[in-house]
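# Fold and contact review
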Amino acid sequence: MASPVEALIKKNVTKGIMKVVEFNRSRPRLGNKENTFLTGVHTPVDAEMTLEDLAVTGEIPAALDGRYLRIGPNPVTNPNPATYHWFSGDGMIHGVRLKQGKALWYRNRWVRSNAVSAALDETPAPGPRRGTQDNANTNVIGHAGNTWALVEAGAFPVRLNDELDTLAHDPFGGTLKGSFSAHPHLDPETGEMHAITYFAMDPSTIHHTVVDASGKVIREEPISVEHGPSIHDCAVTKQYVVIMDLPVTFSMKTLLAGQSFPYRWNPAHKARIGLMPRQGTNDDVIWCDIEPCYVFHPCNAYENAAGEVIMDVSVHDRMFADGKNGPDSNTVTFERWTIDPVARKVTRATLDAAPQEFPRPDERFTGKKYRYAFTMALPEEHGFEVFDQTKLFKHDLDAGTREIHDFGPGRVPGEFVFIPRSDDAPEGDGWLMGYVIDRNTGTTDLAILDATNFTAPPVALVHVPHRIPPGFHGNWAPTE
């Protein structure tokens, strides 16, 4: 434990660093006056709206009673284009309420960080903060009767009401002591959420964090690392939580330059995959070397009869090596990794070489052998900065086949989530739901597909009369 003197020194040094950061972040930069993540399809929405009784083409399945929610960055004020990073924008949630075959409302709301509240001339939202970090912009989920906006690297979760208004910054009722993650994974057998969490200001420790079915944190187990790796996601199996310690790490140089996202590709950081027993400690982690690469999102993981862990992932050859405003990999493919805990070896096999991201399974099969994976296609020649791909993919992993749903010219989908037709429906029997931007008209549809008839036209389109910027993650929150 640090002495009071050491703590005081660290606090004052941090204050000095942040003064330099804020100066460099605010000053204009010649030669970089445009940022593609602030223009075009990414142009922020400038107001909160409530729209009722939305127009629908087709028929919304009557069984769908709940809210489709998606979150993403949407700056409330104009940031410096030279230092703005897509991942750092103020969080905004866009939601549609479905009930009895109707679309009752659309709402968009900024998550109330201190900066957002100040910009909107409001009293700050209640609840504790971790220092100055309180911007949640990456995922939005329902758990234990609450709606939560989530982010990684430091800020506490933000609790919302059913209408998407911020209630409080809430470390799960005070049970969360450290950081949380944008990507907790729900174990369908126990109702627990498992996550690998990290804090930007602690480069040597990450945690396996578990939230129980009642919404209380029951485990924050420390794991030793180096260089402050950015660990966006994880996977969970029957025995293990899978840790992806890959070569994107904290960069003090980038922070001091005023960049709002201080992580960069680090060839000096050893790439490795860890298998941590779900009740284990740091000493129990089985580390396996892997070739340098980066993964934001696994689809699912499970153990085979030989005791190996099978994990399917969207794999980037590198990340944040050159680009300062957003993702910048050269290639991204869909791969299957076989992780052998005895040989401590990872074997990689390509499932599909086409660029794709945001893989999602039927999440009733989280941690179990599964058959179907759904992904969002990426453009062949550029990445996230130009959203112009029009396709979703459905992978049959048993048959080794792929189906394509193409929304048509100018109609760009984001991540889609799978919703089972019933609790006991066979795997893949249900609907896929997500937003589709129509670049031709500047509008957006909430599209609902029949997952068993994937290539057919949507069973329903809920029409939102404006463009919803490309966001990050969306989920279905059924009415309880």
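Everything below is about the structure shown above.
The following refers to the structure shown. (Residues numbered from 1 in each chain as written. Predicted model: local features only at pLDDT ≥ 70, side-chain atom pairs only at ≥ 80, totals over all residues. Heavy atoms only, no water.)

Before going further, it helps to examine the overall build of the chain. Counting its regular elements, the chain contains 3 helices and 33 strands. Its C-alpha atoms give the chain a radius of gyration of 21 Å, within 12% of the compact-globule value 23 Å for 480 residues. Along the first, second and third principal axes, the C-alpha set of the chain runs to 65 × 60 × 45 Å. Burial analysis of the chain (480 residues in total) assigns 57% to the buried set. In the chain, once contacts between residues fewer than 6 apart in sequence are set aside, the share between residues at least 24 apart is 60%. Total accessible area on the chain stands at roughly 19,700 Å², and carbon and sulfur atoms take up 52% of it. A gap of 5 Å separates the mean positions of the 46 positive and 61 negative side-chain charges of the chain. (Helix = DSSP H or I, 4+ residues; strand = E, 2+ residues; numbered from the N terminus. Rg over C-alpha atoms; globule rule 2.2 N^0.38 Å. Buried < 20%, exposed > 50% of the residue type's maximum accessible area, 1.4 Å probe, protein only. Contact = heavy atoms within 4.5 Å. Areas by Shrake-Rupley, 256 points an atom, 1.4 Å probe, with all protein chains shown as cover. Lys, Arg positive; Asp, Glu negative; His and termini not counted. Charge placed at Lys NZ, Arg CZ, Asp CG, Glu CD.)

What follows covers the state of the cysteines. Summed over the entire model, instances satisfying the criterion amount to 0 disulfides. Cys299 supplies the cysteine sulfur nearest to Cys234, a cysteine that is in no disulfide, at a spacing of 14 Å. Cys234 gets classed as buried once you look at its relative accessible area, which sits at 1%. Judged by relative accessible area, which is 5%, Cys299 ranks as buried. (Disulfide = S-S within 2.5 Å.)

Among soluble globular proteins, nonpolar side chains are generally buried collectively. In this structure, Ile243, Ile273, Met311, Trp337 and Ile339 are the most contacted members of the largest nonpolar core, which totals 45 residues. Take this core: its biggest share by element is 5 residues, from strand S15 (residues 240-245). Setting aside chain neighbours within four positions, we find Trp337 in contact with Ile273, Ile290, Cys293, Val295, Val309, Ile310, Met311, Val313, Val315, Val346, Thr347 and Arg348. One finds Val332, Met376, Phe384 and Phe454 within the second-largest nonpolar core, a separate group that totals 27 residues. (Core = buried A, V, L, I, M, F, W, Y, C linked by side-chain atoms within 4.5 Å.)

Below, the discussion takes up unusual backbone geometry. In the Ramachandran plot, Ala153 falls in the positive-phi region, its phi being about 80° despite a non-glycine side chain. Note on placement: Ala153 falls in the loop between strand S7 (146-150) and strand S8 (158-160). If you check the backbone angles, His227 has positive phi at about 70° while not being a glycine. The exposure class of His227 is partly exposed, given its relative accessible area of 36%.

By the element assignment, Thr209 lies in strand S12 (residues 205-211). Remark: the alpha-carbon pair of Thr209 and Leu186, spanning 23 residues in sequence, is separated by 12 Å. Apart from residues lying up to four places away in sequence, Thr209 is in contact with Leu176, Ser179, Phe180, Met193, His194, Ala195, Thr197, Val217, Arg219 and Glu220.

Next up on the list: the pairing of strand S23 (residues 345-352). Here is the key point about a regular strand: its side chains alternate between the two faces of the sheet. Pairing of strand S22 (residues 332-340) with S23 involves 7 bridges; the strand directions are antiparallel. Pairing of Trp337 across the sheet is with Arg348, part of S23. (Pairing = 2+ DSSP bridges.)

Applying the stated criterion to the full structure yields 21 aromatic pairs. Relative to Tyr263, the ring of Tyr198 has its centre 6.2 Å away and its plane inclined at 85°; by these criteria the two rings are edge-to-face. Separated by 65 residues along the polypeptide, Tyr198 in strand S11 (residues 193-198) and Tyr263 in strand S17 (residues 263-265) bring together distant segments of the chain. On the basis of an interplanar angle of 45° and a centroid distance of 5.4 Å, the ring pair of Phe261 and Tyr263 is categorised as tilted. For Arg130, the ring lying beneath its charged end belongs to Phe199, and the centroid distance is 3.9 Å. Here the guanidinium or amino end of Arg402 rests over the ring plane of Phe393, the centre of that ring lying 4.2 Å away. (Phe/Tyr/Trp six-rings, centres within 6.5 Å; stacked < 30°, edge-to-face > 60°. Lys NZ or Arg CZ within 6 Å of the ring centre and 35° of its normal.)

So, on to the pattern of salt bridges. Overall, the coordinates contain 28 salt bridges when judged by the stated rule. Between Arg272 and Asp245 there is a salt bridge, and its shortest N-O distance comes to 2.8 Å. Here Arg272 is found in strand S18 (residues 272-277), whereas its partner Asp245 is found in strand S15, with 27 residues between them in sequence. Asp245 carries the same exposure label as Arg272, and that label is buried. With its nearest N and O atoms 3.2 Å apart, the salt bridge here joins Lys369 to Asp398. Placement of the pair is Lys369 in the loop between strand S24 (356-361) and strand S25 (372-377) and Asp398 in the loop between strand S26 (391-396) and strand S27 (401-406), with a sequence separation of 29 residues. Several salt bridges share partner residues, and in doing so they unite Lys369, Arg371, Asp396 and Asp398 into one network. (Salt bridge = Lys/Arg side-chain N within 4 Å of Asp/Glu carboxyl O.)

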